[in-house]
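# Topology and contacts: notes
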Amino acid sequence: MNYFKLLGLVFGLAAMLKPVYMHVLPWDEKSFLAKTYAAKRPAWIVPVALVGLGLVALTWYLHFTAGVPYSWILAVLFSLTAVKGVALLWDYERFQAWVAGMLDKDRGRGVVLVDVAVGAIGLAIVLLAWFVY
């Protein structure tokens, strides 16, 4: 199995199932998100964001060197995660305020909508990985 198929299946399944594990399973996702993105940046965020950015860099490296057809599509989609990684590293306070605002407004409806959109994109990525790579 090539890197792009594996990345697409793992990344896509995690994204596709996000509405299920965040909102369908019976647990308090609002308090989890509030604790995860606390006002003071937790220590684990920096290494996790750096690993994520490293995976994005590895994906682009493999795109340019492995010669896998259509690998640029998954590289671009996976690069969207770098936006969150950069925000967590360099502008955590604004990111945290955005998450807190979404949790407070309309009983967290914005978070649900974002997660449903992530799930739809995840489904597209799984289909891409399964049928193209």
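For the structure itself, look to the data block above.
Report on the accompanying structure.

## Digging into the environment of V48
- Note that V48 resides in helix α4 (residues 45-66).
- When the C-alpha atoms of V48 and A14 are compared, they prove to be 16 Å apart, with 34 residues separating the residues in sequence.

## With respect to the pattern of salt bridges
- Inspection of every chain in the model, using the stated rule, returns two salt bridges.
- We note a salt bridge from D115 to K18, for which the minimum N-O separation is 3.0 Å. Pair noted here: D115 is in helix α7 (residues 109-132) and K18 is in helix α2 (residues 18-24), with a separation of 97 residues, a long-range link.
- For D115, a relative accessible area of 3% puts it in the buried group.
- K18 sits in the partly exposed class, given a relative accessible area of 22%.
- For R94, the salt bridge identified is with D91, shortest N-O distance 2.9 Å.
- You can call D91 partly exposed: its relative accessible area is 28%.

## Quick word on the packing of aromatic side chains
- All chains considered together, the criterion is met by seven aromatic pairs.
- Their ring planes at 80° and their centres at 5.0 Å tell us that F11 and F78 sit as a pair that is edge-to-face. With F11 in helix α1 (residues 3-16) and F78 in helix α5 (residues 71-90), the pair connects residues that are 67 residues apart, well separated along the chain.
- On the accessibility criterion, F78 (8% relative accessible area) is buried.
- A ring pair is formed by F95 and W98, whose centres lie 5.8 Å apart and whose planes are at 45°; its orientation type is tilted. On the criterion of helical spacing, the pair formed by F95 and W98 is a turn pair, its members being three residues apart in helix α6 (residues 92-104).
- Owing to a relative accessible area of 12%, F95 belongs among the buried residues under this scheme.
- We classify W98 as partly exposed; its relative accessible area is 45%.

Calculation notes
- Residues numbered from 1 in each chain as written.
- Predicted model: local features only at pLDDT ≥ 70, side-chain atom pairs only at ≥ 80, totals over all residues.
- Heavy atoms only, no water.
- Helix = DSSP H or I, 4+ residues; strand = E, 2+ residues; numbered from the N terminus.
- Salt bridge = Lys/Arg side-chain N within 4 Å of Asp/Glu carboxyl O.
- Buried < 20%, exposed > 50% of the residue type's maximum accessible area, 1.4 Å probe, protein only.
- Phe/Tyr/Trp six-rings, centres within 6.5 Å; stacked < 30°, edge-to-face > 60°.

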